[in-house]
Amino acid sequence: MTYDVIIGLEIHAELKTKSKMFCSCSNDAENKAPNTTVCPVCLGHPGTLPVPNKQAIDWTILTGLALHCRINRLSKFDRKNYFYPDLPKGYQISQYDLPLAYNGRLDIDGREIQITRIHLEEDTGKSLHFKDQDYTLLDFNRAGTPLMELVTEPVIKDAAEAKKFCTAYQQILRYLEISNADMEKGEMRCEANISLQTPGGWEYKQGQILAKKKWLLGVKRPLNPKVEVKNINSFRAVEKAINFEIARQTDRLKKGEKILAETRGWDENKNATVSQRLKESSADYRYFPEPDIPPLEITEDWLNRLHADLPELPAAKRRRFIQEYQLKPETVDIIIGDKALAAWTEKVLSELDAWIEANGDQAARQERRLAKTAANWITGELYKHLNSHKQKVADLKMTAENFAELVCLIYQDKINSSAGQTILETMYDKGGDPSQIMIDLGLEQMDNEAELEKTVQHIINDNPQQVAQYKKGKTNVLQFLLGKVMAETKGKANPKIVKELLEKMLAK
Ligand SMILES: [Zn+2]
């Protein structure tokens, strides 16, 4: 028997505000000594008062708007009480029943994944455990970092879709420029809730998975509990951890064993999830309204201002690039994967449009030939360079204008593709004008017919055997002769013209 797989995600993202959530401590603890970006507020000293970070609230609402959420016009913070060494107050300030955003959605390959809520809370400190040591050290630099939590409805169908959701969400956070959302650095943390149910034995109603069928005696068939998987720190791990859980739970159910409602951690080395603790219910946290922070009233004006701040988001950009520039979806996915690369590409494309305008090449405009050539070079050669140098688009030495000019040189057959690669390499290393680099390196394509005719004639004279074969109908000999001409001209001859010349002169 196969079971229905039910997956919901909880994703935490650290917001990159200047200061922390409830105090003025620096929110940037990278490369800082432990416990140096702390103050009495984020250390939870008695008598201190938290003051909410407006930027963090704005950004959470902005995320809500980007994901088509409704925004609670009256929102508030609540205390979530639990004891943990890296939580100095003994509670975390979070949001319980009035999150900033709720009822949103994100489209994944045409399927709508509903978002239950997005709320704002504070991060905890870090516990540092050392191998073979009987103590733990605490670093509170992270305590009080604004943390935004997104919760999806349990509607994700498999591991691949969960991974795509995380990727798409990360992209949105980066487009909004509110979080670096690097999973390896813990700036984005993903938890998956997974349960397996008997087909026909459950239904999804108002956000809940409910038991459906009744036994003869009127007793509901019990649902299998969900298992929460934490410590997932890469997109690959999202997929692997979920697939592992599906296999593990299927195996247990088939053997007639019970599934425990528990929290498990993904162990990268074991390639398995391991039990961490039995699940607490939300009642255990004894939530109550944070008495030190008044409720938030989110006004119409405030919302309108944030609406105006929304940039073009990845999905819209993707659609526009495909329609406007007639590019292939696979190509566009690479380009829009990085907001800066997308902006840079757009600059190149607008330079090319200006060039078409000035040169009146209507055919090229209609078929977007230049845009296609540019996109191929950006996602091919340029992307390869960026990756191998681990470089950001912002640090590129060449300008979009110069790159556009290179594309024009290629498009006009002034250089061939191997010369294009050489010029791009030079531009990548030290910038510069591609036409000048072409002249300096002597890479200009030879397309002077009279000159090429001399070379072609000389190759024909030197290869009587092949010429005879060609005249007997062995037309693929042409490629051999073309190669000879290209070698003679050190690769600079325009192959199109040479081919035409060869055909014309051999026909005599
Ligand atoms: Zn502080």
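### Re the coordination of the zinc ion
Turning to step 1, where the next piece is worked out: Looking at the zinc ion, the protein donor atoms are Cys 23 (SG), Cys 25 (SG), Cys 39 (SG) and Cys 42 (SG), and they sit 2.3 to 2.4 Å from it.
Turning to step 2, where the next piece is worked out: If you look at the zinc ion, its four donor atoms make angles of 100 to 115° with each other, and the shape they trace is tetrahedral.
Turning to step 3, where the next piece is worked out: As a motif over one chain, the donors of the zinc ion read C-x1-C-x13-C-x2-C. Within this pair, whereas Cys 23 is found in the loop between β1 (4–14) and α1 (54–66), its partner Cys 39 is found in the loop between β1 and α1, the two being separated by 16 residues in sequence.

### As for the sheet that holds strand β11 (residues 188–197)
Turning to step 1, where the next piece is worked out: The sheet built from nine strands is open, its strands ordered β2-β6-β7-β10-β1-β11-β14-β15-β16 with mixed pairing. A single partner strand is all that each edge strand has here, and the edge strands are β2 (70–71) and β16 (272–278).
Turning to step 2, where the next piece is worked out: Relative to the sheet, α1 contacts β2, β6 (101–108), β7 (111–122) and β10 (146–152), its axis offset from that of β7 by approximately 175°.

### What about the domain arrangement of the protein chain?
Where interface size is quoted, it is often the accessible area lost as the parts come together.
Turning to step 1, where the next piece is worked out: On domain assignment, one finds that the protein chain holds domain 1 (8–198 + 281–302), domain 2 (312–440) and domain 3 (449–506).
Turning to step 2, where the next piece is worked out: The gap between the C-alpha centroids of domain 1 and domain 2 is 38 Å.
Turning to step 3, where the next piece is worked out: In total, about 640 Å² of surface goes out of reach between domain 1 and domain 2, with carbon and sulfur atoms giving 63% of it.
Turning to step 4, where the next piece is worked out: Across the contact surface, domain 1 and domain 2 share one salt bridge.
Turning to step 5, where the next piece is worked out: Put simply, domain 1 and domain 2 have three residue pairs in polar contact (both at pLDDT 80 or more) between them.

### What about the packing of helix α5 (residues 314–325) against helix α6 (residues 329–336)?
Turning to step 1, where the next piece is worked out: The geometry of α5 relative to α6 is characterised by a closest axis approach of 10 Å and an angle of 135° between their N-to-C directions. By the angle between their directions, the pair α5 and α6 is classed as oblique. Pair α5 / α6 crosses with right-handed handedness. Mapping the contact onto sequence places Pro 314, Lys 317, Arg 318, Phe 321 and Ile 322 in α5 and Pro 329, Val 332, Asp 333, Ile 335 and Ile 336 in α6.
Turning to step 2, where the next piece is worked out: Classifying every residue of the contact of α5 with α6 gives seven nonpolar, no polar and three charged.

Thresholds, definitions, all that
Residues numbered from 1 in each chain as written. Predicted model: local features only at pLDDT ≥ 70, side-chain atom pairs only at ≥ 80, totals over all residues. Heavy atoms only, no water. Donors = N, O, S within 2.8 Å, 3.2 Å for Na, K, Ca; no water. Tetrahedral: all angles 85-135°; square planar, octahedral: opposite > 155°, others 65-115°. Helix = DSSP H or I, 4+ residues; strand = E, 2+ residues; numbered from the N terminus. Pairing = 2+ DSSP bridges. Contact = heavy atoms within 4.5 Å. Axes fitted to C-alpha atoms, helices over the stretch in contact; angles between N-to-C directions. Domains from an automatic or database assignment. Buried area = accessible area lost by both parts, 1.4 Å probe. Salt bridge = Lys/Arg side-chain N within 4 Å of Asp/Glu carboxyl O. Polar contact = N/O pair within 3.5 Å; in protein donor to acceptor, adjacent residues only side chain to side chain. Parallel < 35°, antiparallel > 145°, perpendicular 65-115°, else oblique. Left-handed = near helix turned anticlockwise from the far one by under 90°. Nonpolar A, V, L, I, M, F, W, Y, C, P; charged D, E, K, R; others polar.

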